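Coordinates in review
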Amino acid sequence: MDLIKSDFMLQLFEYRIAAAMIKKDLIASILEEKYQLLRSFQVLGIRREELITCSEVEAVLMSSTSVKDLFYASKCGETLLCSFQESALKTTVSRLLSSLDNTEALLDIHFSLGTLAFLKVQFPVALNDPVSIFQKIKVLSAEDGSWKYNPDDAGTSAKAAGTALETMGDLISLAGQAFDDAKIRYLKGVASKLFEFLEKYDDGTQFIDERPLDGLYGGGGPLAATSQVVKGVAVVASHTSGHIEVPAERVISVAKFFLTAGIHGSLLDMFHVLDGLGVLDKNRFLVPVILSVRPSVLSLSAKEVFKISTTTVLGSPVSATITLRKAVRANEKEPFLLNQVLESDETKGVHNLNDILNKLDIGSYDLTFKVKILEEGRYATEPITIRRVLVTGVASIPEVEVGVLDSDTGSTDYVKRWNPMSKEVVSLYATHLQKLYFGLDILSPRQEQFIPHQAFLKLKHETKVEHLFLLKPSGKKLELSLNLLGLVEKLNYLSGIYTIDLIVGDVAMENPVMWNLGTVELDLPEPPEGKVKLTSQAESPFKYGPRPEITHMFRPAEKRAPPTLSNTFLALTLVPLLGFLVGLKLLNTNMKNFPSSGLPVLAALLFHLGIGSILGLYALFWLKLNLFQTLKLLALLGTVLTVPGYYILSHLADASAPKVKSA
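Taking an unreviewed UniProt entry as the reference, the protein chain is identified by name as Dolichyl-diphosphooligosaccharide--protein glycosyltransferase subunit 2 belonging to Ceratopteris richardii. Regarding the protein chain, the UniProt comment filed under Pathway (unreviewed entry) reads as follows: "Protein modification; protein glycosylation." Taken verbatim from the UniProt record of the protein chain, the Sequence similarities (unreviewed entry) comment is "Belongs to the SWP1 family."

**Comments concerning the UniProt feature "transmembrane region" (unreviewed entry) in the protein chain**
With numbering aligned to this structure, UniProt lists the feature "transmembrane region" (unreviewed entry) at residues 569-587, 599-621 and 627-649. Summarising residues 569-587: 89% helix, 0% strand, and an end-to-end C-alpha distance of 29 Å. The distance from the first to the last C-alpha atom of residues 627-649 is 30 Å, and the span holds 100% helix and 0% strand.

**Digging into the state of the cysteines**
Tallying each qualifying case throughout the model produces one disulfide. Between the sulfur of Cys54 and that of Cys82 lies a disulfide, 1.9 Å long from S to S. Handedness here is read from the sign of the S-S torsion; for Cys54 and Cys82, about -80 degrees, the answer is left-handed. Here Cys82 lies in the loop between α4 (67-80) and α5 (90-101) and Cys54 lies in helix α3 (residues 54-63), a separation of 28 residues in the sequence. On the basis of relative accessible area, Cys82 is assigned to the buried category, the value being 6%. Here Cys76 stays unpaired: no disulfide links it, and the sulfur of Cys82, its closest cysteine neighbor, is 8.6 Å away. With relative accessibility at 0%, the residue Cys76 sits in the buried group.

**Regarding the packing of aromatic side chains**
In this structure the tally under the stated criterion is 15 aromatic pairs. Between Tyr201 and Phe207, the ring centres sit 4.3 Å apart and the planes meet at 20 degrees, which makes this aromatic pair stacked. Under the relative-accessibility criterion, Tyr201 is labelled partly exposed at 38%. Ring geometry for Trp418 against Trp515: centres 5.6 Å apart, planes inclined by 50 degrees, an arrangement best described as tilted.

**Structural notes on the packing of α4 against helix α6 (residues 106-120)**
Geometry of a packed helix pair, given as the angle between the helix axes and the separation of the axes. Between α4 and α6, the least distance of the axes is 8 Å, while the angle of their chain directions is 35 degrees. In the crossing of α4 with α6, the sense of the turn from one axis to the other is left-handed. The residues of α6 that touch α4, namely those facing Val67, Lys68, Leu70, Phe71, Tyr72, Ser74, Gly77 and Glu78, are Asp108, His110, Phe111, Ser112, Gly114, Thr115 and Phe118. Grouping the constituent residues of the contact of α4 with α6 by class yields six nonpolar, six polar and three charged.

**Quick look at the sheet that holds strand β10 (residues 363-373)**
Pairing in this open sheet of five strands is mixed, and the strands run β4-β12-β10-β6-β7 from one edge to the other. If you trace the sheet from one side to the other, it starts and ends with β4 (297-299) and β7 (337-341), each paired once. On average, each strand axis in the sheet is inclined to that of its neighbour by 30 degrees, with strand direction left out of account. One ladder, built from eight bridges, connects β10 with strand β12 (residues 384-392); its direction is antiparallel. When the sheet's bridge partners are listed, Tyr365 is paired in β12 with Val389.

How each quantity is defined
- Residues numbered from 1 in each chain as written.
- Predicted model: local features only at pLDDT ≥ 70, side-chain atom pairs only at ≥ 80, totals over all residues.
- Heavy atoms only, no water.
- UniProt positions renumbered as here; feature names shortened; annotations may be inferred.
- Helix = DSSP H or I, 4+ residues; strand = E, 2+ residues; numbered from the N terminus.
- Disulfide = S-S within 2.5 Å.
- Buried < 20%, exposed > 50% of the residue type's maximum accessible area, 1.4 Å probe, protein only.
- Phe/Tyr/Trp six-rings, centres within 6.5 Å; stacked < 30°, edge-to-face > 60°.
- Axes fitted to C-alpha atoms, helices over the stretch in contact; angles between N-to-C directions.
- Left-handed = near helix turned anticlockwise from the far one by under 90°.
- Contact = heavy atoms within 4.5 Å.
- Nonpolar A, V, L, I, M, F, W, Y, C, P; charged D, E, K, R; others polar.
- Pairing = 2+ DSSP bridges.

Written out as structure tokens, the structure reads:
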């Protein structure tokens, strides 16, 4: 909840308010946005009356003919606790009652009943036929518990079911006498079944996913769908007696989905998150309880203490008994603490872990808690909860052992114990036939051996060429042995003076170090013949920065025929076409036998169109198509051309038959 009430979110809402207030026209989108802002600030415990006043709400309720405008205006009035005179809104009530008789769309019924439910709190509102309205809503339902928005919708969705349940809850508040036990049981059954639509992320959080149908009616994604379902179940629970069967673990996973949702600064996403959390924080079916460990990163040097809290999703304390079942250090199997009941302040829902602070050292720990809520039946929580915490502190390095060893025997030629408290530096000399040795112990604040995540030794030549080497654990120490004979190539055969730097760091160390231990003069052999010695960092292949430009050699273009020869050949290819046209002229080709009416005309047109299409296909083959593409299209055109060709040829044969007989 600390994240929900962060300064960042408040500043972001202030920005959204300023953007929304630039426009003064109370059109539907702005009314909806203003309600989202008012509701979000209400959940955060902040009152913002400058967004819209009660007089502006009343003006919309009196003048608007849009049920959506009226609904969001009433929601703004409900959030601001506005009151109105019955005489001023009689026309609005009459108009809403009339709209209920003339619509079958779920959203229109939802907007109308939601507005009437708000007005009923201030003066009586009587529905004409509540049973008929109930049937209108119910007929949109499916067997699996999902719902349609309109009778002609092809699909259904769980989000629409959440809207239907919220609408049913408003209907109960307006005409509770119309609901018998069978209808109440039906609504509770739908409410329980909706949690079967939950899908799961890899982190265990569960949500209602958006269906394609929802995209046609506003969308909003999983946050909107999950928030609407939770709201619908809560409204039904608030207007009915008895218990709604909802699995506690699913309620907890939905709460975690809202608490961990990435909202990316979107006003709509923030509204759905806060609205969903506001409903979960105060409902009559199950209130989720979250166990929090603060701080998640504890500093031993600052003498901080762990505080365990059991609260609702918005931070209200919940009385509970908490037992620390076990505490296990990361990468270890054996727990060092078992079954300890924590001291608690039940009025604040805070529990202390003071007794184990003296047993903690730096590192990561997995703490396993068992939670038992004192007020059973109303709250839902995880019976077993695991939280990972990080303990940080100041580590110490008493000394660093630096030495030069013989490569063959491993005997010590020189050793120096470097003390970090002194300003003394070491000065070493080694040839390629020797080894450099470095070893150190790192102690935690409890004076235990500590192995950090990162420990490096850096050798930097006087020409600025650098080399990093990793110190590895050996027992409880960190050690590094450099066989210079095997490193001469990596060191670029560069003799001379190298500075020695030690770099140690870990997420649990509050004092990472980068110490200069001194220098070492290396006497390395000359590189073999043909081997280039790199003499600066700029020449090193490991240097970061722009790489040399690579120039590509492209294959030269192939020789082609002269343009005159190519054009002559093109002209020759057109000679057959010219001959074809001349032949048609010599044969006295004409259109005398072209049909003049009926199906023969259509067949003749299709036949000639097909012939033209094939000629066009040949042209495309010449210009852009390959052989396989052309053959596929030719097979299709040839098949289509067969039918009108056969018909027109048969027609011509039948037409010429009488002439032959008469001759």
